[in-house]
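# Breakdown of the fold
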Amino acid sequence: MDRITSMRVFVRAASAGSLSAAARHLSMSPAMAAKHVNALEARLGVKLFHRTTRRLSLTEAGSYYLEACQRILPEIDEAEAVAASQRVKATGLLRMNVPLSFGERFVAPLIPAFSHRHPEVKVELGLSDAQVDLLAGSWDLAIRIGRLSDSNLQARRLGDSAMLVCAAPSYLDQRGVPRRVAELAQHNCLSYTLSPMQDARTWAFGPDGEVRVPISGDLLANNGNALLAAAVGGQGIIYQPHFIVGEALDAGRLVALELDQPVIELGGIHVLYPPDRRPPAKVRVMIDYLAEAFERAPP
């Protein structure tokens, strides 16, 4: 039997002096009310009521237990009310994990307006390119870029991000402009170590990464900003998402290369959250806010 329900039956029966009255109040049968009280007595190993054919009266143990129940049950009701209110009112700490480069450029600038709109939500923004476990790390939501692995997490697509192969004009003037992916073997290719489509020896091309091209280079990094800085400085060629290289391309600090094989399809930008059919209001409002912001100004 559910212990909390049994305690409620006991308190109501003690107040009314009758199991049938407690049953009517709690919308259950008298037999079920009796089972709840019997379950409490069996658990505690004492009698809580003196029973007659007409009325119940508390034993000494029952009087002590009633006092405790009258103290405990309102605290439980208050805790449930606070938890339930968070489903309808955006409040509390929201922990959000976001890739470092993307978070710096496109998420952090959105937080001031979000906080103004939802002043009772405190945001903890975790910036990291490492793939964290959302549930184990107690994160409320995360943004992921690329193809999603199978999981029981819920996902909402926020937008798209294309891959580009880029280099600085100074590098291309010195080393020449590759036109075929096979020519990348003769260039200094700077790789991102956290991507399955790049490593120290190969880059993947084609929609599904089916074309593996040998490369070499003198810089490996686990952060796109570091590779961007190196490429802008003329060190070599990088293979990065548009959200990282876009500003440098617009400013002419980088040039996008056109090769004979299509770049890999990176996949979308998604917000992930735990598999709760009714997530807290703080999670819902952040997801809606990000979707609205990225629809208005795609990264």
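All of these numbers come straight from a predicted model, not from anything done at the bench. (Residues numbered from 1 in each chain as written. Predicted model: local features only at pLDDT ≥ 70, side-chain atom pairs only at ≥ 80, totals over all residues. Heavy atoms only, no water.)

## Some thoughts on the overall build of the chain
Our working definition: Runs of E in the DSSP output that reach at least two residues are strands. Runs of H or I that reach at least four are helices, and both are numbered from the N terminus. Only C-alpha atoms enter the radius of gyration, while the globule expectation follows 2.2 Å times N to the 0.38, with N the number of residues. What sets the accessible areas is the Shrake-Rupley method with a 1.4 Å probe; for residues, cover comes only from the shown protein chains. Here the positive residues are Lys and Arg and the negative ones are Asp and Glu; neither His nor the chain ends is included. Where a charge lies is defined by one atom per residue type: Lys uses NZ, Arg uses CZ, Asp uses CG and Glu uses CD.
Helix and strand counts for the chain come out as 10 helices and 14 strands. In terms of C-alpha radius of gyration, the chain reaches 31 Å, well past the compact-globule figure of 19 Å for 299 residues. If you line up the chain on its principal axes, its C-alpha atoms span 100 × 40 × 25 Å. Split by element, the accessible area of the chain, about 15,900 Å² in all, is 51% carbon and sulfur. Between the averaged position of the 32 positive side-chain charges in the chain and that of its 31 negative side-chain charges there is a distance of 12 Å.

## Observations concerning the sheet that holds strand β12 (residues 237–241)
Under the convention used in this document: By definition, two strands form a pair when at least two bridges between them are found by DSSP. When checking whether two residues touch, look at their non-hydrogen atoms; a contact exists if any pair is within 4.5 Å. With axes taken as lines fitted to C-alpha atoms, and helix axes fitted only over the stretch in contact, angles between N-to-C directions fall between 0 and 180 degrees.
Read from one edge to the other, the open sheet built from five strands follows the order β11-β8-β12-β7-β13, with strand pairing classed as mixed. The outermost strands of the open sheet, each flanked by one partner alone, are β11 (220–221) and β13 (255–256). Bridge count for strand β7 (residues 163–167) against β13 is two bridges, and the pairing is antiparallel. Bridged to Ala167 within β13 is Val255. Helix α9 (residues 242–250) rests against β7, β12 and β13 of the sheet, and its axis sits at about 120° to β12.

## Concerning helix α3 (residues 30–44)
As a reminder, the rule being used: Multiply 1.5 Å by the residue count of a helix minus one, and that product is the helix's expected span. The cut-offs for exposure are 20% and 50% of the maximum accessible area for each residue type, with area from a 1.4 Å probe on protein chains only; residues under the lower value are buried, those over the upper are exposed, and the others partly exposed. By definition, the arc is the one covered by directions from the helix axis to the C-beta atoms.
Its 15 residues place the ends of α3 21 Å apart at the C-alpha level, agreeing with the 21 Å of an ideal helix rising 1.5 Å per residue. Every buried residue of α3 is accounted for by Ala33, His36, Val37, Leu40 and Glu41. Down the axis of α3, the sector holding all buried residues measures 130°, keeping them to one side. Facing away from the buried surface of α3 by more than 90 degrees, the exposed residues are Ala42 and Arg43. The first or second residue beyond α3 is Gly45, which carries a positive phi of 75°.

## As for the domain arrangement of the chain
The criterion, for reference: How far each domain reaches was decided by an automatic or database domain assignment. Once two parts are brought into contact, the accessible area they lose, counted with a 1.4 Å probe and summed over both, makes up the buried area. A carboxyl oxygen of Asp or Glu within 4 Å of a side-chain nitrogen of Lys or Arg is what we treat as a salt bridge. Here a polar contact is taken to be a pair of N or O atoms separated by no more than 3.5 Å, where protein atoms must pair a possible hydrogen donor with a possible acceptor and residues adjacent in sequence count only if both atoms sit in side chains. Under the scheme applied, nonpolar residues are Ala, Val, Leu, Ile, Met, Phe, Trp, Tyr, Cys and Pro; charged residues are Asp, Glu, Lys and Arg; polar residues are all the others, including Gly.
Each assigned domain of the chain is listed with its residue range as follows: domain 1 (3–84), domain 2 (92–160 + 268–296) and domain 3 (163–256). Domain 2 and domain 3 are separated by 28 Å when their C-alpha centres are compared. Contact with domain 2, which involves 10 residues of that partner, is made by 11 residues of domain 3. For domain 2, the biggest contributors to the area lost against domain 3 are Arg105, Asp129 and Arg147; these three give 56% of the whole. Where domain 2 touches domain 3, the interface holds one salt bridge. Residues Asp208 and Arg147 are paired through a salt bridge, measuring 3.5 Å at the closest nitrogen-oxygen approach. In this structure, the connection of domain 2 to domain 3 is made through eight residue pairs in polar contact (both at pLDDT 80 or more). If one sorts the elements of the side of domain 2 that touches domain 3 by residue count, helix α5 (residues 100–107) sits on top with six residues. For the side of domain 2 that touches domain 3, a count of residues per class yields five nonpolar, one polar and four charged.

## Topic: helix α10 (residues 281–296)
In a regular helix each residue adds 1.5 Å, so 16 residues correspond to 22 Å; α10 covers 22 Å between its end C-alpha atoms and thus fits that length. Within α10 the residues assigned to the buried category are Ala281, Lys282, Val283, Met286, Ile287, Tyr289, Leu290, Ala291, Ala293 and Phe294.

## Some remarks on the pairing of strand β3 (residues 92–98)
Counting buried positions along β3 yields five of seven residues, so the element is predominantly enclosed. Of the pairings in the sheet, the one linking β3 to strand β4 (residues 121–127) comprises seven bridges and is parallel in character. Along β4, the bridge assignment pairs Val98 with Leu127. As defined by bridge partners, β3 adjoins strand β5 (residues 141–145) across two bridges and the pair is classed as parallel. If you follow Asn97 over to β5, its bridge partner there is Ala142.

## Examining the nonpolar core
Nonpolar side chains in soluble globular proteins generally cluster together in the buried interior. Selection rule: Side-chain atoms within 4.5 Å link the members of a nonpolar core, which is a set of buried Ala, Val, Leu, Ile, Met, Phe, Trp, Tyr and Cys residues.
Counting residues in each nonpolar core, the largest one holds 41 residues, and the members touching the most others are Leu141, Leu254 and Met286. A total of nine residues in this core trace back to one element, the largest contributor, which is α10. Composition of this core by domain shows at least three residues from each of domain 2 (92–160 + 268–296) and domain 3 (163–256). In this structure, Leu254 is in contact with Cys166, Ala167, Ala168, Pro169, Leu228, Ala231, Val232, Ile238, Val245, Ala248 and Leu249, ignoring residues within four places of it in sequence.

## Examining the layout of surface pockets
The following threshold applies: Method remark: on a 1 Å grid restricted to protein atoms, a set of points is classed as a cavity if a 1.4 Å probe fits but cannot get out and as a pocket if it is open with protein on both sides within 12 Å along at least five of seven lines; lining residues have an atom within 4 Å of a point. Grid points are joined across faces, edges and corners, and a volume is the space filled by probe spheres set on the points.
In this structure, the largest pocket encloses a volume near 940 Å³. Gln131, Arg144, Ile145, Gly146 and Arg147 are the residues nearest the centre of the largest pocket, which is lined by 39 residues in total. Within the residue set of the lining of the largest pocket, elements represented by two or more residues are β5, β12 and α9. Here the residues of the lining of the largest pocket are counted per class, giving 23 nonpolar, 10 polar and six charged. Shared between two domains, the lining of the largest pocket holds at least three residues of each, these being domain 2 (92–160 + 268–296) and domain 3 (163–256).

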